[in-house]
Amino acid sequence: MRPTVLCFSGLDPSGGAGLQADIEAIGQSGAHAAIACTALTVQNSQQVFGFEATSKELLLAQANAIVGDLPITCIKSGMLGTTDNIAALAEFLTKHADYKYVLDPVLVANSGGSLGDQATLVKAFAQLIPLATVLTPNTVELRALTGIEDLEQATAKLFEMGAHAVLVKGGHEDTPDYIRNALYIQGELISETKCPRLEGEYHGSGCSLASFIAGRLALGDALKDAVHHAETWLFGVLKKAEVPVPNGQRIPKRF
Ligand code: PLP
């Protein structure tokens, strides 16, 4: 059986983000996706209306049911929703220290809607940061996690907090023509990529990128290669993204 990525992620009924993005991206990376569902959200491509989080007991029961049953080699987390769920994931990862782990520190949806209480989530994420093979914050999340405006200093702060590697995604920066992503390992800038900025807003681009990276890590890629594979793949699926309604965010066409 293909190496498996176990995702701790939420349901987005639009199918753009969340666990559906994870399943599709990981499938395209060549690995198998399994899901421990953290929350059921109520949203469409334009806004979040609310969510109900899974209890930590149910979350751990889902994850534990497939340990030893599927060839899990990597964990990916997206929306966790509550500090209880973050603590449950930290407990799970501590028991399975041999798994790789991609931490996408989701705080809000791209449409701006809340996916949990930001202040308490930020504090709780501190437990997960040292456990991650790589973090994949966008610059809004990077600033929120560290409380630092300057991106270089904020990245350095994540390493002080125990991070091993960080992919800083520049999609929210004011660079009208391009998006710059930068990969840091053990505090050092390892590579940067600039791709042309595509028109429009996308729903689930962050989930897709982090999950593709997790899939490639599960298959044995080195981190730098996994990130480059994922960036190339994501650019292709965003170029083909579909517009659901005129005001809606575009849904990546992952296959
Ligand atoms: N997870 C869930 C369940 C979501 O609903 C969202 C956004 O709507 C995200 C994660 C993050 O999405 P994005 O990849 O757009 O940052």
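Let me sum up the structure you'll find in this document. (Residues numbered from 1 in each chain as written. Predicted model: local features only at pLDDT ≥ 70, side-chain atom pairs only at ≥ 80, totals over all residues. Heavy atoms only, no water.)

What about the overall build of the chain?
Step number 1: Helices and strands together make up the secondary structure of the chain, namely eight helices and nine strands.
Step number 2: The C-alpha radius of gyration of the chain comes to 16 Å, within 12% of the 18 Å expected for a compact globule of 255 residues.
Step number 3: In terms of principal-axis extent, the alpha carbons of the chain reach across some 45 × 40 × 40 Å.
Step number 4: A buried classification covers 52% of the 255 residues belonging to the chain.
Step number 5: Sequence-distant contacts, at least 24 apart, represent 68% of the contacts inside the chain between residues at least 6 apart.
Step number 6: Within the structure as shown, the chain displays about 10900 Å² of accessible surface, and the carbon and sulfur contribution to it stands at 53%.
Step number 7: In the chain, the 19 positive side-chain charges and the 27 negative ones have mean positions that sit 4 Å from each other. (Helix = DSSP H or I, 4+ residues; strand = E, 2+ residues; numbered from the N terminus. Rg over C-alpha atoms; globule rule 2.2 N^0.38 Å. Buried < 20%, exposed > 50% of the residue type's maximum accessible area, 1.4 Å probe, protein only. Contact = heavy atoms within 4.5 Å. Areas by Shrake-Rupley, 256 points an atom, 1.4 Å probe, with all protein chains shown as cover. Lys, Arg positive; Asp, Glu negative; His and termini not counted. Charge placed at Lys NZ, Arg CZ, Asp CG, Glu CD.)

As for the site of the ligand
Step number 1: Of all residues adjacent to the ligand, which total 16 residues, the nearest are Gln43, Asn110, Gly204, Gly206 and Cys207.
Step number 2: The backbone of Gly204 places a nitrogen or oxygen atom 2.9 Å from an oxygen atom of the ligand.
Step number 3: Protein burial of the ligand: of its 400 Å² of free accessible surface, 97% is covered by the chains.
Step number 4: Contributing elements (two or more residues each) for the shell around the ligand: β2 (32-43) and α7 (205-218).
Step number 5: When residues in the shell around the ligand are grouped by element, the largest group, three residues, is from α7.
Step number 6: Among the residues making up the shell around the ligand, the classes are represented as six nonpolar, nine polar and one charged. (Near = heavy atom within 4 Å. Polar contact = N/O pair within 3.5 Å; in protein donor to acceptor, adjacent residues only side chain to side chain. Nonpolar A, V, L, I, M, F, W, Y, C, P; charged D, E, K, R; others polar.)

Some words on the side chain of Glu141
Step number 1: Tracing the backbone through its elements, the reader meets Glu141 in helix α5 (residues 139-146).
Step number 2: There is no salt bridge for the buried Glu141, and the closest opposite charge comes from Lys169, which lies 4.8 Å off by N-O distance.
Step number 3: For Glu141, the contacting residues outside a window of four places in its chain are Asp104, Pro105, Val106, Leu107 and Thr136. (Salt bridge = Lys/Arg side-chain N within 4 Å of Asp/Glu carboxyl O.)

Some words on the pattern of salt bridges
Step number 1: Counted according to the given criterion, the structure contains nine salt bridges.
Step number 2: Between Glu24 and Arg254 there is a salt bridge whose closest N-O contact spans 2.8 Å. Here Glu24, found in helix α1 (residues 18-29), pairs with Arg254, found in the segment after α8 (223-239); they are 230 residues apart in sequence, far enough to count as distant.
Step number 3: What makes Glu24 buried here is its relative accessible area of 16%.
Step number 4: For Arg254, a relative accessible area of 2% gives the class buried.
Step number 5: The salt bridge partner of Arg180 is Glu192, with a shortest N-O separation of 2.4 Å. With Arg180 in strand β8 (residues 178-185) and Glu192 in strand β9 (residues 188-196), this pair connects stretches of sequence that are twelve residues apart.
Step number 6: With a relative accessible area of 30%, Arg180 lands in the partly exposed category.
Step number 7: Residue classification places Glu192 among the partly exposed residues on the basis of a relative accessible area of 45%.
Step number 8: Members of the salt-bridge network, linked through shared partners, are Arg143, Glu149 and Glu173.

Points about the pairing of strand β7 (residues 165-169)
Step number 1: In terms of burial, β7 is largely enclosed, as five of its five residues are buried.
Step number 2: Of the two faces of β7, the one holding Ala165, Leu167 and Lys169 and the one holding Val166 and Val168 are both buried throughout.
Step number 3: Pairing of β7 with β8 involves five bridges; the strand directions are antiparallel. Within β8, the position partnered with Val166 by the bridge is Tyr184. (Pairing = 2+ DSSP bridges.)

Limitation: the analysis is restricted to geometry and does not speak to function.
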